[in-house]
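Topology and contacts: notes
Listed below are the residues making up each chain.
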Amino acid sequence: MGEIVDPQSTCGPEGCEVPQNDSSSQPNVRYDIAIIGSGSAAFATAISATRSGGSVIMIEEGLVGGTCVNVGCVPSKALLAAAEARHVSSSSHFPGITSSPASVEMKELIQGKGEIVEKLRREKYEDLSGVYGFEIVHGRARFVEEDLLEVDGRTMDADYYVIATGATTAVPPIHGISDVRYLTSTTAMELDHVPRHLVVIGGNAVGLEQSLLFSRLGAKVTVIEAFDRIAPFEEPEISASIREIFEEENISVITGAKVDSVENKGLEISVNVTSADGELTIEADEILIATGRRPNSFDLGLEKVGVKTGSKGEIVVNEELRTDNGRIFAAGDVTGHPQFVYVAGVHGSIIVENSLRKGSRKVDYRTLPRIIFTTPQIASVGLTEDQAKSQGFAVESRVLPLSAVPRAIVNRDTRGLVKMVAEVGSGRILGISMIADGAADSILAGVYAMEANFTVDQVANIWTPYLVMAEAIKLTAQSFTRDVAELSCCAV
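Residues numbered from 1 in each chain as written. Predicted model: local features only at pLDDT ≥ 70, side-chain atom pairs only at ≥ 80, totals over all residues. Heavy atoms only, no water.

With respect to the helices and strands, the residue lysine 113 is situated in helix H4 (residues 106-126). What makes lysine 113 buried here is its relative accessible area of 6%. Looking at lysine 113, its side chain comes within polar contact range of the side chain of glutamate 190, at 2.6 Å. Apart from the residues within four sequence positions on either side, lysine 113 is in contact with Pro75, Ala78, Leu79, Met189 and Glu190. (Helix = DSSP H or I, 4+ residues; strand = E, 2+ residues; numbered from the N terminus. Buried < 20%, exposed > 50% of the residue type's maximum accessible area, 1.4 Å probe, protein only. Polar contact = N/O pair within 3.5 Å; in protein donor to acceptor, adjacent residues only side chain to side chain. Contact = heavy atoms within 4.5 Å.)

The next thing to look at is H4. In this model H4 runs 28 Å from its N-terminal to its C-terminal C-alpha over 21 residues, within 8% of the 30 Å that 1.5 Å per residue would give. When H4 is considered as a whole, its buried residues turn out to be Met106, Leu109, Ile110, Lys113, Gly114, Val117, Arg121 and Tyr125. The arc that holds every buried residue of H4, seen down its axis, measures 135°, which confines them to one face. Exposed side chains of H4 directed beyond 90 degrees from the buried face belong to Glu108 and Gln111. Contact partners of the buried residues in H4: helix H1 (40-51), helix H2 (66-71), helix H3 (73-90), helix H5 (128-132) and helix H7 (205-217). (Expected span 1.5 Å × (residues − 1). Arc of directions from axis to C-beta.)

Counting 55 residues, the largest nonpolar core has Ile35, Phe143, Leu149 and Ile163 as its most contacted members. Those residues in contact with phenylalanine 143 that sit more than four places away from it in its chain are Ile36, Leu148, Leu149, Tyr161, Ile163, Leu300, Gly301, Leu302, Lys304, Val305 and Ile328. Core analysis: the second largest hydrophobic core is formed by 34 residues, Leu208, Val221, Ile245 and Ile378 among them. (Core = buried A, V, L, I, M, F, W, Y, C linked by side-chain atoms within 4.5 Å.)

The next thing to look at is the state of the cysteines. Overall, the coordinates contain 1 disulfide when judged by the stated rule. Paired through a disulfide, cysteine 68 and cysteine 73 show a sulfur-sulfur distance of 1.9 Å. Where cysteine 68 bonds to cysteine 73 through sulfur, the torsion about that S-S bond is close to -130°, and the disulfide is left-handed. Cysteine 73 gets classed as partly exposed once you look at its relative accessible area, which sits at 28%. (Disulfide = S-S within 2.5 Å.)

Before going further, it helps to examine the sheet that holds strand E16 (residues 286-289). Taken in spatial order, the 4 strands of this open sheet run E12-E11-E10-E16, and their pairing is parallel. In the strand order of this sheet, the two ends are held by strand E12 (252-254) and E16, each with one partner. Strand-to-strand twist in this sheet, taken as the mean axis angle between neighbours without regard to direction, amounts to 20°. Its contacts with the sheet place H7 against strand E10 (197-201), strand E11 (220-224) and E16, and it is angled at close to 165° to E11. (Pairing = 2+ DSSP bridges. Axes fitted to C-alpha atoms, helices over the stretch in contact; angles between N-to-C directions.)

Across all of its chains, the model carries 29 salt bridges by this definition. One salt bridge in this structure joins glutamate 234 and arginine 370, with 3.3 Å as the shortest N-O distance. Separated by 136 residues along the polypeptide, glutamate 234 in the loop between E11 and helix H8 (236-248) and arginine 370 in strand E19 (residues 369-372) bring together distant segments of the chain. With a closest N to O distance of 3.5 Å, arginine 415 and glutamate 249 form a salt bridge. (Salt bridge = Lys/Arg side-chain N within 4 Å of Asp/Glu carboxyl O.)

For the bond from threonine 375 to proline 376, the omega torsion is 0°, close enough to zero to count as cis. As for its position among the elements, proline 376 is in the loop between E19 and strand E20 (377-382). Phi is positive for lysine 358, close to 60°, though the residue is something other than glycine. Examined against the element boundaries, lysine 358 turns out to sit in the loop between helix H9 (341-355) and E19.

Our next topic: the environment of glutamate 451. By secondary structure assignment, the location of glutamate 451 is in helix H12 (residues 439-451). It is 11 Å that separates the C-alpha atoms of glutamate 451 and aspartate 364, two residues lying 87 residues apart in sequence. Here glutamate 451 is in contact with Arg366 and Thr367, once residues within four sequence places are set aside.

Before going further, it helps to examine the pairing of strand E13 (residues 258-265). Pairing between E13 and strand E14 (residues 268-275): 7 bridges, direction antiparallel. Across the sheet, serine 261 pairs through a bridge with asparagine 272, a residue of E14. Connecting E13 to the next strand, E14, in antiparallel fashion are 2 residues, including glycine 266 with a positive phi near 70°.

The share of residues in the protein with pLDDT of 70 or more is 94%, and the mean pLDDT across the chain is 93. Predicted confidence is poor over residues 1-25, with pLDDT under 50, and the contacts of this stretch with residues over four places away or in other chains come to 39 contacts. (pLDDT = per-residue confidence, 0-100.)

Given a rise of 1.5 Å per residue, 15 residues ought to cover 21 Å, and the 21 Å separating the end C-alpha atoms of H9 matches this to within 8%. Every buried residue of H9 is accounted for by Val343, Ala344, His347, Gly348, Ile350, Ile351, Val352, Asn354 and Ser355. Looking at the packing, one finds that the buried side of H9 touches strand E3 (30-36), H1, strand E8 (154-163) and strand E18 (328-330).

Next up, the structure:
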C-alpha cells in the first residue's frame, strides 16, 4: 500500500486549506477500488473492501469525513441537544418545580460543538485509514480516457471506481438572493450570535430542526414552506401535529407560500412572500435556505467514461448501485437516493459485495426508517397511507393520540400521535409514523416488525415493556380491534 497522507488541514469559515501532493515522482499503482470522496459511503466502502482483502485508495479534495460528521447530523444534533437543555431549564411543566431560562453564550456553544466534531472526525474517519490500511490522497479527482482517474496530475487505475462525493445545499432561484447574505445549514451552525429574527425558507427535515434549534436559543423564527404543510412528505396528521407544536412555541409557520424576492434594507433583509393569505413582507436579520441539497456530480469527467446524471444532477445507478459503466459505482447522497448517513453506509457494503465479491445485491428501502429531530421527534418507517394506496394496496389505518400512552402521561407531555397503516385482509403492517418524545428510538421496534412482515395482530399481542414510548406502537396495533382507552395498564 502507498503511504497514508496526513492532510494537516487548516479550516476556517471559508473552508479548508489542504496541502497538495507532490505527484511528480509517484508511480502509477493499480488498486482494487478507487473512491472519490471521504464521507460515510466512502469509508463504508473502504472498510468493507479492505476487510475482504482488497486494496483501496480514497481521494478527497477537502475535509475528510463528508457531510454527517462535519456539517450535518453530528453538529446539528449536538446543538439541538444544547437548545433542548435550555428549553427544559425555562419551561418545567411538573408541579413543585420552578425554573428559569439559562443564558446563551453562542461562541462557547459553537466552540464546544466544534470540539465534538473534531474528535469524531479523527476517531471515526481519519484514524481509520491507518487501522484498515488504505491510502487517502488529497486533491481534485477527474475521470479521463480509458477509465482512469487523474488527481492533480497523478494518474490512478483501479478495477472498480466508487463516486461518493455527496451533496451540497441547493439554493432556489429567488430574485435578489445573490445580493443578500444568507445562511445554509452549514453556515448557520457557525454563527457567533443568536439572530433576533430568523426566517427559514423550507419546512422539511433540515428547516424544521434548524427552526427549533434557534427558537430555543432565543430567536424569533418564521418558517416558509412552498407545500401546503410542513413536514410535507410525512402523514398529514404528523404535519398538523408538528405545526401545532411549533405555533405553541411561538414559531410562525407560513405554508403554501412562494418567496418572490429578497432585498437588503439596511441591517435587515426583506423577504417578500405570496401565500394563500395574500402578499406580505417579513423583516429579518438572518435568512436560512433549507430547500434541499443537490448532488456533487459536476466536473468529474463523467461524460468521458459513460456515466449518466439525472435532471437534478444525481448519478444514475441501478438497484445494484452500478452506473452504465460496468467498472463505476456510485453511493450515498450523490445518487439522489434517501439522504441518510445509514443509507450511505449500506451503499458502501453493497458495492463491495457487487464488485469485489461478484455479487448482485440490490438496494431495498422497504423498511428504511426516517427521523426528523424536532422535539418531539418525528419518526417513520414504510409507506404513508397515500403511498400505500398509490401502490395499489387496500389499506386501513389507525391514529392513536399520545394521551392514550402511559409513558406520555407520566412525562406530562402528550403532544403527538402514532399512525399505523395495514393491508386489508392480511393485516400486514405497511407503515408506521410517530411524533413523540423518544420516537427516534421507538421506531426501531417498527423497523424490526416490518422487516419480519408482522401483522397488526402479531404486534398487538407481542411482549412489550411497560412505561416506555415504544409501547405506543403496540397500543396502536391494538386499536385496530378494541378501544385502548378501556384497557387497564399492561392489558393485552
